[in-house]
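# Reading the structure
Below are the chains, spelled out letter by letter.
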Amino acid sequence: MTRIDDPRHDSEAGRAEATLDTTRIDDTRIAAVRALVSPAVLLEELAVTPAVEQLVEQARADIARVLRGDDDRLIVVVGPCSIHDAAQALEYASRLRDAGPALGDALLPVMRVYFEKPRTTVGWKGFINDPRLDGSFRINEGLRRARELLLQIGGMGVPAGTEFLDLLSPQYFSDLIAWGAIGARTTESQSHRQLASGLSCPVGFKNGTDGGVQVAADAVVAAGAPHAFMGMTKMGVAAIFETRGNADCHVILRGGRQPNYDAAAVDGACQVLRRAGLREQVMIDCSHANSSKQPRRQIEVAADIGRRIAAGERRIAGVMVESHLHEGRQDLCPGQPLREGVSITDACLGWEDTLALLHDLAAGVRARRGGG
């Protein structure tokens, strides 16, 4: 197929075609302005297939049913902290797909396919921002490769979840996302709450970085309401969007100054939700502050959750697990080769331990069905 917009001719960083702004009072700190491919061009070039469309639609409906209490399975958002290598992501997706038949009666697996990474200060900002991992910031290429990867993962029958960080990027791939997250740093952002109110998928809001749940409950209330805001259409044109509100939003407990995955923390979170008139349900992130960023502690967190589910706990709708082909993390260093299947952002659990963790959680769901 002939590409409508040839990436070989994109105006990328450092090229002579980049437009320099010489205005004395506007854009004085902008070094260059480069052409951005329009979402419509990319969606036409990499069109959704009927099979992927059906997968995404069904996965969203299934997740919504769990959130409403109409399906007793446990949502499990599992996968790499961030995507930095498409081939390794596809290998992970194939393993998750192969594990599905033994888990599908109890779990609803969604693969983490995170393309954008918030940074505390500076650093690699993700596959879309810098797909070549070399500081060249070929964003058009990153958007194209991200959408292509999502189509491949969906084609394997694996639903994908991602964090929505940039406010424009969802126009390029949100049609392929079964579940989305708003991170702890952006849960309080009005712009992200408005974005979530118009997204077609269920969305989880993480508690604040300090561990506060009220901000996430407020976000769920806000995202459930209609909004009007400025944005960019798929044709790349500025427009005013009016949303209907997203009824499939929920809170994610990811810890803060201390972990918040235990029974007392869930009780406290549900009290906040009840006061806000929301469903008393949470998803628990086994990583981040709940594991003190120690990947193997995710096993302990998940085991504790599994025991409580087996004993009858129904307010935990899902869990999140950071997992890659191999355990740990590595630094991204110029000129130094990367180890295959190891995260370059947060440390992850290895696949074999992940598979055992998933089977333990599935056992907890089955035990709950049997009355504990």
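Coordinates for the structure precede this section.
Residues numbered from 1 in each chain as written. Predicted model: local features only at pLDDT ≥ 70, side-chain atom pairs only at ≥ 80, totals over all residues. Heavy atoms only, no water.

## Points about the overall build of the protein
Which entries qualify depends on this criterion: The secondary structure listing takes helices from DSSP runs of H or I that are at least 4 residues long and strands from runs of E that are at least 2 residues long, numbered from the N terminus. Only protein chains enter the accessibility calculation, which uses a 1.4 Å probe; a residue is then buried when its area is under 20% of its type maximum, exposed when over 50%, and partly exposed in between. The contact criterion used throughout is that any non-hydrogen atoms of two residues lie within 4.5 Å. Working definition of accessibility: Shrake-Rupley area with a 1.4 Å probe, residue cover restricted to the visible protein chains. Charge counting treats Lys and Arg as positive and Asp and Glu as negative, with His and both chain ends excluded. For the purpose of locating charges, the reference atoms are NZ of Lys, CZ of Arg, CG of Asp and CD of Glu.
When its secondary structure is counted, the protein shows 10 helices and 10 strands. Dimensions along the principal axes, computed over C-alpha positions, put the protein at roughly 70 × 45 × 40 Å. By the burial criterion, 53% of the 372 residues in the protein qualify as buried. Contacts spanning at least 24 positions in sequence make up 70% of the contacts within the protein whose residues lie at least 6 apart. In the form shown here, the protein has an accessible surface area of approximately 16,700 Å², with 50% of it arising from carbon and sulfur atoms. Positive and negative charge centroids in the protein, built from 43 and 48 side chains respectively, lie 3 Å apart.

## Considerations on the pattern of salt bridges
How we decide: We define a salt bridge as a contact between a side-chain nitrogen of Lys or Arg and a carboxyl oxygen of Asp or Glu at a distance within 4 Å.
Under the defined criterion, the tally for this structure stands at 23 salt bridges. Notably, a salt bridge pairs R369 with D72, separated by 2.8 Å at the nearest N-O pair. Residue R369 is located in helix α10 (residues 351-369), and its partner D72 is located in the loop between α2 (50-68) and β1 (74-79); the two are separated by 297 residues in the primary sequence. Classification of D72 by relative accessible area gives partly exposed; the value is 28%. The residue D331 makes a salt bridge to R329 at a minimum N-O spacing of 2.9 Å. Judged by relative accessible area, which is 37%, R329 ranks as partly exposed.

## Examining empty space enclosed by the protein
Cut-off, in case you're wondering: In this analysis, the protein atoms alone were mapped onto a 1 Å grid. Cavities are point sets where a 1.4 Å probe fits without being able to get out; pockets are open sets with protein on both sides within 12 Å along at least five of seven lines; lining residues have an atom within 4 Å of a point. Grid points are joined across faces, edges and corners, and a volume is the space filled by probe spheres set on the points. Residue type decides the class: Asp, Glu, Lys and Arg count as charged, Ala, Val, Leu, Ile, Met, Phe, Trp, Tyr, Cys and Pro as nonpolar, and the leftover types, Gly among them, as polar.
Inspection of the entire model under this criterion finds 2 cavities of 30 Å³ or more. As a volume, the largest cavity reaches approximately 60 Å³. At the level of elements, α2 and α4 (139-155) are the ones that each hand at least two residues to the lining of the largest cavity. The class makeup of the residues in the lining of the largest cavity is 11 nonpolar, 1 polar and no charged. As a volume, the second largest cavity reaches approximately 30 Å³. As for the second largest cavity, its lining consists of P80, S82, I83, H84, D85, Q88, A89 and H324. Residue composition of the lining of the second largest cavity, grouped by class: 3 nonpolar, 4 polar and 1 charged.

## Comments concerning the layout of surface pockets
Its boundaries defined by the atoms lining it, the largest pocket holds a volume of some 570 Å³. Around the largest pocket, the lining comprises 25 residues; the ones closest to its centre are L195, G198, L199, F229 and F241. Mapped onto the lining of the largest pocket, the elements with two or more residues apiece are α5 (170-173), α6 (190-198), β6 (228-232) and β7 (238-242). The greatest single-element share of the lining of the largest pocket, amounting to 5 residues, is contributed by α6. Considered class by class, the residues forming the lining of the largest pocket number 9 nonpolar, 11 polar and 5 charged. The calculated volume of the second largest pocket comes to roughly 470 Å³. Taken together, 20 residues form the lining of the second largest pocket, with L36, I128, N129, I139 and D166 sitting closest to its centre. Take the lining of the second largest pocket: its biggest share by element is 3 residues, from α4. Class assignment of the residues belonging to the lining of the second largest pocket gives a composition of 10 nonpolar, 4 polar and 6 charged.

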